[in-house]
Amino acid sequence: MAKRHRELLARLDPVGLNRYQITEVDLQTIEKYLKIIQARLTIDSTWQELVQYGGPYGTSIAIHEIVEIRLLRNRRLRPLKQRTSTLQRLLAQHIDAHVIATYEEHIYLQEVIHRIFNKTFQVATLIKANRNNTTDLQLFLESDLGVYILKENRVEYARQTIRALKGVIKT
Amino acid sequence: MKVRKLQRRDEDGVWYDDAYAFSNGKELVTFCYNLTWGRVGDHLYGQIREQNIGLSEIEKVIPEGEHLRWLAIEEIKEEKAESHLERLDEICYIPKPRFIGRSFALAA
């Protein structure tokens, strides 16, 4: 097992890791997956962002990716064996995997923000605050995951809180 | 409407349509991407808007490389704009949210 995966695991939030049963092997898997889907881009990848943040915010990124990978694997799609262009199509065909991953990422953020800052935000409010583009929020709201409340007047406060969370190294 | 396609080159050296950016007159440029771009696409979308980057200078935010290239700007007639974007979404596998009928946005 690569030392850097063990070191990264140690920098992530143990509560989140335990809840989603994320191991060193999972981190290796996430890195491989992101190397495929973001292959040959000329800008920093999601993996680099995960490593850069670590802590609870990095954990939220890891949760999103591993949930998506596990859902694709459960459908026998073998995401690590695919080409980038094939995954482009597969992800569009299995959009619910991305939506569920987004949901789990923000359920975790909701919990960890409450745990660290004692503040509570709706999941939809957090999604809007955590993305520049509204596509993820719209995909989530139109999904079958339930009916959620978006509190527009709390979005900016949630954005500031997420910004503060990004600076948290240890929980 | 003006549109610019972004292509990625696969393992076999074949270029394929992966994303695009468009602008309507004075509107900010919108970067449209599929799910392989994930958070990276979201960051770039934000940067392009924040820095008010035009289509002709979009390489400043998303540089070209050996495996990534921007095509020339295409001018699309307004009456064909919507169908052109729909076609690009299909080609690039970009998810399009439907009408949100079940959500509630609380203003207060």
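Further up the page is the structure itself.
So, here is what we can say about the structure in this document. Residues take numbers from 1 onward in each chain, read along the sequence in its written order. Each chain is given a letter, starting from A, and each ligand a number, starting from 1, according to the order in which they appear as written. Only residues with pLDDT of at least 70 get local features here, since the model is predicted, and only at 80 or more are side-chain atom pairs given and counted; chain-wide, interface and lining totals rely on the full set of residues. With hydrogens and water set aside, each side-chain value is computed from the structure's full complement of heavy atoms.

Notes on the overall build of chain B
Argument step 1. A count of helices and strands for chain B gives two helices and six strands.
Argument step 2. A run of DSSP states H or I qualifies as a helix once it reaches four residues; a run of E qualifies as a strand once it reaches two. Both are numbered from the N-terminal end. Going from the N terminus to the C terminus, chain B shows its helices and strands as β-β-β-α-β-β-α-β.
Argument step 3. Counting over 108 residues, chain B shows a buried share of 44%.
Argument step 4. Long-range pairs, those at least 24 residues apart, make up 51% of the contacts in chain B with a sequence separation of at least 6.
Argument step 5. Of the roughly 5900 Å² that chain B leaves accessible, carbon and sulfur atoms contribute 50%. Using a 1.4 Å probe on the protein chains alone, a residue whose accessible area is under 20% of its type maximum counts as buried, one over 50% counts as exposed, and one in between counts as partly exposed. Here a residue-residue contact requires only that any non-hydrogen atoms of the pair lie within 4.5 Å. Throughout, the Shrake-Rupley method with a 1.4 Å probe supplies accessible areas, and for residues the shown protein chains are the sole cover considered.

What to know about a positive patch on the surface
Argument step 1. Taken together, the side chains of A:K32, A:R73, A:R78 and A:K81 present a region of like positive charge at the surface.
Argument step 2. The residue A:R73 is located in helix α5 (residues 55-74) in this model. Patch building starts from residues that exceed 30% relative accessible area and form no salt bridge, then joins like charges within 9 Å and nonpolar side chains (Val, Leu, Ile, Met, Phe, Trp, Tyr) within 5 Å. Should a side-chain nitrogen of Lys or Arg be within 4 Å of a carboxyl oxygen of Asp or Glu, the pair is scored as a salt bridge. His is not counted here, nor are the chain ends, while Lys and Arg score as positive and Asp and Glu score as negative. Note on charges: their place is set at NZ of Lys, CZ of Arg, CG of Asp or CD of Glu.

Section: unusual backbone geometry
For residues that are not glycine, phi is negative in most cases, and the peptide bond is trans in most cases.
Residue and element names in this part refer to chain A.
Argument step 1. Although it is not a glycine, R78 sits at a positive phi angle of roughly 45 degrees.
Argument step 2. Of note, R78 is situated in the loop between α5 and α6 (84-93).
Argument step 3. Residue R78 is classed as exposed on the basis of its relative accessible area, which comes to 52%.
Argument step 4. A positive phi is found at N118, a non-glycine position, where the angle reads about 55 degrees.
Argument step 5. Looking at the secondary structure, you find N118 in the loop between α7 (95-117) and α8 (123-130).
Argument step 6. In this structure N118 comes out as exposed when scored by relative accessible area, which is 61%.

Thoughts on the nonpolar core
Residue and element names in this part refer to chain A.
Argument step 1. Put simply, a nonpolar core is a bunch of buried Ala, Val, Leu, Ile, Met, Phe, Trp, Tyr and Cys residues held in one set by side-chain atoms that sit within 4.5 Å of each other. If you look at the biggest cluster of nonpolar residues, it comprises 52 residues, and the most contacted ones within it are I30, L50 and F140.
Argument step 2. For this core, the secondary structure elements donating two or more residues are α3 (24-37), α4 (46-53), α5, α6, α7, α8, α9 (135-141) and α10 (155-166).
Argument step 3. No other element matches α5, which puts nine residues into this core.
Argument step 4. Those residues in contact with L50 that lie beyond four places of it in its chain are L8, L12, I30, G58, I61 and A62.

Brief notes about the interface of chain A and chain B
How large an interface is tends to be reported as the accessible area lost when its parts come together.
Argument step 1. Counting from both sides, the interface comprises 43 residues of chain A and, opposite them, 42 residues of chain B.
Argument step 2. Between chain A and chain B lies a buried interface of about 3700 Å² when both sides are counted; carbon and sulfur atoms form 56% of it.
Argument step 3. Among the residues of chain A in contact with chain B, A:R40, A:Q88 and A:E142 are the three that bury the most area, contributing 20% of the side total.
Argument step 4. Linking chain A with chain B are five salt bridges, by the criterion used here.
Argument step 5. Among the ionic pairs, A:E105 bridges to B:R39, the shortest N-O distance being 3.3 Å.
Argument step 6. What qualifies as a polar contact is a pair of N or O atoms within 3.5 Å, subject to a donor-acceptor requirement within protein and to the restriction that residues adjacent in sequence count only when both atoms come from side chains. At the surface where chain A touches chain B, the tally comes to 17 residue pairs in polar contact (both at pLDDT 80 or more). Here the quantity called buried area is the total loss of accessible area, with a 1.4 Å probe, experienced by two parts when brought into contact, counted for both.

Focus on helix α2 (residues 78-92) of chain B
Residues and elements named next belong to chain B.
Argument step 1. With 15 residues, α2 should cover 21 Å at 1.5 Å per step; its first-to-last C-alpha distance of 21 Å lies within 8% of that length.
Argument step 2. Among all positions in α2, only A81, L85, L88, D89 and C92 are buried.
Argument step 3. Y93 occupies a position one or two residues after α2 and carries a positive phi of about 60 degrees. An expected span of 1.5 Å times one less than the residue number is assigned to each helix.

Quick notes on the side chain of A:T161
All names here are of chain A.
Argument step 1. Looking at the element boundaries, T161 is found in helix α10.
Argument step 2. Accessibility expressed as a relative area gives 2% for T161, which makes it buried.
Argument step 3. Leave out the neighbours within four places in its chain, and T161 touches I113, F117, K119 and F121.

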